[in-house]
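Letter by letter, the chains look like this.
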Amino acid sequence: SYEAEDRFTKITMLVAFLMLPLGGLFGILQLFKRTPGFPDPVSDSTYYTVLTGHGVVLAIVFTTFFIMGISAFVVSRELKTNFSRLALNLSLGLALLGTVLAAVAILSGQAKVLYTFYPPLRANPLFYIGAALLIVGSWVFMVDLFRLVLRFRRENPDLKIPVATYGILTAWVIWLVATPPVALEVLLLLVPMSLFGMEVDVLLARTLFWWFGHPLVYFWLLPAVALWYYAIPRVLGVPLFSETMAKVAYILYMIASTPVGLHHQFVDPGIGPFFKLVHTLTTFVVATPSMLTAFNILATLERAGRMRGGRGLVGWVFKLPWGSLAFSGLMLPIVLFANGGITGVINASFQLNTVVHNTTWIVGHFHTTVGGASALTFIAAMLLLAREMMNREIVAPWLAVAAFYMWTVGQYLFSIGYYVAGVMGAPRRTSELLYGGLAPAEWAPWLQLGAIGGMTFWIAGVILVGLIAATLLFGKKTAVPKDERVLAFDSTTPDKIENGKYILEEVRFWIVVTVALAILGYIGPLYEIFARGLVPVGPVPP
Ligand code: HAS
């Protein structure tokens, strides 16, 4: 039985679920504050509390808890194994404690440092300690997950790792490589800065943060990709076009996701152009698996569409079940990812980055990636889990489908408005410029278009949160038969490895390559920072 895993998944999903209305409230307040001609709901200084809350609650807490929960659900069932109860309880306890501490710091207005917490801005120590505890909690879970997958590998040398578990494993390997530098930054630099006023080298701190910050986005993405690869073919009743291609994509994500973080620091002085160019090139490598994913999913869709009688170049697209809850909930995030992915490639281009960096363009990019590809997939998965794990009939499924479309249209409008305003120079992360009367009038219509999009997907979010709650509270009790379940990971039978050893299944080897490339990617820039000599500065209150 999966009693302990299910309890863990229920609690982590509940925490993730509770973050949605809170993060959404911060989001809508911010949207109004930033839009010319709209009512101004919060003071200038509260704006930074709201912005920090929005980023931390949704991008860090919602995602981490959801990913821990879905990982326990998928891996235990696909590998037919159990996590250690101690590890589950300990990791949950630490992560919850950390979240509460950080929440106290943010909600009391003592952590206006945004989710990137760049020094010399100083937050209350509880904020940093809370963040560190959340990470440590996730590590406890991660170690146990590695134990189970490596044991499966050892005990079943002739079996392939199932495709969803492989994706979840990849996400956690990325987490393994990404989190130690930010933990060092927090414990050695930021906590002492916050507690004792210790001086900190800003560039060193930012570099350690972005060592973590970019792989973090693939930690958000990979569980969504794993759900797409597993569930979309299941919903369509066809096999995935290529499982081998899926695993190649996972491996490329894993090995290339870390040595790329300097693309967030193109305009930081103190790191020379050589390593920035190297990270530009590796960023194009890490964009490749998403293109493989696009190809793999499209080929699967085409196969299914043609089986249903679709003809011609695009006729098959209209034969797909666009009105089904599971299909639209999993496919529309991919349609959003096409938008966010293309702008990601633009961000990564060294020269173009100087046009879009720190503008509202970036806000458009990350809403359609983490808020589109990842968050919408996670919300759809929550509804499916309410049906298939909690055995509740989904209340008004048609409304959920309508909300998925509203979310998608809203995010497209939001991103278009913010892209154009960004290219015109509208800055992100500030309200002063807009409300000090300094904003050029030409930004206004685009920020207003963005606001219409933002309100549209905010309303979609409210509907979806309401439907999840209504399903759990009032949904009719019905056990869904195994063959009708979308997330039926317990019925996976791992395939056999043919022709002896199969390099894609040698996960230990790929973990070593991942760690080595991450270190190689950062030795040079860190050497440059230390060789130049550190320039520590004292903290400033935000
Ligand atoms: Fe990014 C900034 C580059 C992907 C999240 N990114 C951010 C920030 C966040 C974020 C949160 O190079 C802001 C950080 C901050 O606060 O400062 N990003 C990239 C690149 C990719 C990318 C190259 N980002 C993501 C993902 C995220 C995410 C994924 C979250 C989940 N990003 C950057 C850069 C910056 C940045 C710079 C810094 C900018 C600056 O100056 O500050 C790539 O991985 C993207 C590859 C994706 C593709 C798309 C493939 C298309 C697919 C869809 C196909 C469609 C189908 C539909 C099948 C190439 C998969 C068919 C439909 C039918 C109807 C048939």
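(A) Geometry of the overall build of the protein. Secondary structure assignment for the protein yields 15 helices and two strands. Taking 542 residues into account, the globule formula puts the C-alpha radius of gyration at 24 Å, and the protein, at 23 Å, falls close to it. Oriented by its inertia axes, the alpha-carbon framework of the protein measures out at about 60 × 50 × 45 Å. For the protein, restricting intrachain contacts to residue pairs at least 6 apart in sequence, the fraction spanning at least 24 positions comes to 84%. When the accessible surface of the protein is summed, it comes to about 20,700 Å², and 72% of that surface belongs to carbon and sulfur atoms. For the protein, the separation between the mean place of its 35 positive charges and that of its 27 negative charges on side chains is 4 Å.

(B) Structural view of the packing of aromatic side chains. Here the structure, examined in full by the defined rule, presents 34 aromatic pairs. Ring geometry for Phe66 versus Phe378: centroids 4.2 Å apart, planes at 15°, classification stacked. Here the residue Phe66 occupies a position in helix 2 (residues 44-79), and Phe378 occupies one in helix 11 (residues 360-388), the gap between them amounting to 312 residues. A residue is classified by how much of its surface remains accessible, and Phe66, at 0% relative accessible area, is buried. Residue Phe378 is classed as buried on the basis of its relative accessible area, which comes to 0%. When the ring of Trp172 is compared with that of Phe219, the centres are 5.0 Å apart and the planes differ by 80°; the resulting orientation is edge-to-face. Pair noted here: Trp172 is in helix 5 (residues 163-196) and Phe219 is in helix 6 (residues 202-236), with a separation of 47 residues, a long-range link.

(C) Geometry of the site of the ligand. Around the ligand, a shell composed of 34 residues is seen, among which Tyr218, Asn353, His357, His365 and Arg428 lie nearest. Backbone polar atom of Ala348 to an oxygen atom of the ligand: 3.1 Å apart, as the coordinates give it. Within the side chain of His357, one N or O atom sits 2.5 Å away from an oxygen atom of the ligand. Going through the elements one at a time, helix 6, helix 8 (273-307), helix 9 (325-348) and helix 11 are the ones with two or more residues in the shell around the ligand. Of all the elements, helix 9 adds the most residues to the shell around the ligand, at eight residues. When grouped by side-chain class, the residues that make up the shell around the ligand number 19 nonpolar, 13 polar and two charged.

(D) Local environment of the pattern of salt bridges. Under the counting rule described, the total for this entry stands at eleven salt bridges. Across the pair Lys33 and Asp40 runs a salt bridge whose closest N-O atoms are separated by 3.1 Å. Residue Lys33 is classed as buried on the basis of its relative accessible area, which comes to 1%. Of the charged contacts, one joins Arg206 and Asp268 as a salt bridge, the two residues approaching to 2.8 Å between their closest N and O atoms. With a gap of 62 residues between them, Arg206 in helix 6 and Asp268 in the loop between helix 7 (243-256) and helix 8 connect regions that are remote in the sequence. The exposure class of Arg206 is buried, given its relative accessible area of 17%. Salt bridges sharing partners connect three or more residues here, namely Lys33, Asp40 and Asp44.

(E) Seen up close, unusual backbone geometry. At the junction of Pro119 and Pro120, the peptide bond is cis and its omega measures out at 10° in the coordinates. Non-glycine residue Asn358 carries a positive phi angle of around 60°. Relative to the assigned elements, Asn358 resides in the loop between helix 10 (350-356) and helix 11. On the accessibility criterion, Asn358 (40% relative accessible area) is partly exposed. Here the phi dihedral of Ala396 falls at roughly 45°; this positive angle occurs in a residue that is not glycine. Mapped onto the elements of the fold, Ala396 is located in the loop between helix 11 and helix 12 (397-423). Judged by its relative accessible area of 22%, Ala396 falls in the partly exposed class.

(F) The nonpolar core, seen in detail. Phe127, Tyr128, Leu145, Trp172, Trp228 and Ile232 are the most contacted members of the largest nonpolar core, which has 172 residues in total. With 24 residues, helix 6 is the largest single contributor of residues to this core. Those residues in contact with Trp172, other than ones at most four positions away along the chain, are Ile67, Met68, Ser71, Ser138, Phe141, Met142, Leu145, Phe146 and Phe219.

(G) Representation of the environment of Gly461. Inspection of the secondary structure puts Gly461 in helix 14 (residues 444-474). Linking Gly461 and Leu352, residues 109 residues apart in sequence, is a C-alpha distance of 33 Å.

(H) Highlighting the environment of Leu184. Within the element layout of this structure, Leu184 appears in helix 5. For the pair formed by Leu184 and Ala205, sequence separation is 21 residues and the distance between their alpha carbons is 9.4 Å.

(I) Representation of the packing of helix 6 against helix 7 within the structure. Helix 7 packs onto helix 6 with a crossing angle of 175° between their chain directions and a minimal axis gap of 11 Å. As far as their axial angle goes, helix 7 and helix 6 are roughly antiparallel. For the pair helix 6 and helix 7, the contacting residues are Tyr218, Leu221, Leu222, Val225, Ala226 and Tyr229 in the first and Ala246, Ala249, Tyr250 and Tyr253 in the second. Looking at the contact of helix 6 with helix 7 residue by residue, the class counts come to ten nonpolar, no polar and no charged.

(J) Summary view of the side chain of His365. By the secondary structure assignment, His365 is in helix 11. A polar contact of 3.3 Å, which involves the side chain of His365, links it to the side chain of Thr343. Contacts of His365, omitting those with residues within four sequence positions, involve Gly340, Thr343, Gly344, Asn347 and Tyr419.

Calculation rules
Residues numbered from 1 in each chain as written. Predicted model: local features only at pLDDT ≥ 70, side-chain atom pairs only at ≥ 80, totals over all residues. Heavy atoms only, no water. Helix = DSSP H or I, 4+ residues; strand = E, 2+ residues; numbered from the N terminus. Rg over C-alpha atoms; globule rule 2.2 N^0.38 Å. Contact = heavy atoms within 4.5 Å. Areas by Shrake-Rupley, 256 points an atom, 1.4 Å probe, with all protein chains shown as cover. Lys, Arg positive; Asp, Glu negative; His and termini not counted. Charge placed at Lys NZ, Arg CZ, Asp CG, Glu CD. Phe/Tyr/Trp six-rings, centres within 6.5 Å; stacked < 30°, edge-to-face > 60°. Buried < 20%, exposed > 50% of the residue type's maximum accessible area, 1.4 Å probe, protein only. Near = heavy atom within 4 Å. Polar contact = N/O pair within 3.5 Å; in protein donor to acceptor, adjacent residues only side chain to side chain. Nonpolar A, V, L, I, M, F, W, Y, C, P; charged D, E, K, R; others polar. Salt bridge = Lys/Arg side-chain N within 4 Å of Asp/Glu carboxyl O. Core = buried A, V, L, I, M, F, W, Y, C linked by side-chain atoms within 4.5 Å. Axes fitted to C-alpha atoms, helices over the stretch in contact; angles between N-to-C directions. Parallel < 35°, antiparallel > 145°, perpendicular 65-115°, else oblique.

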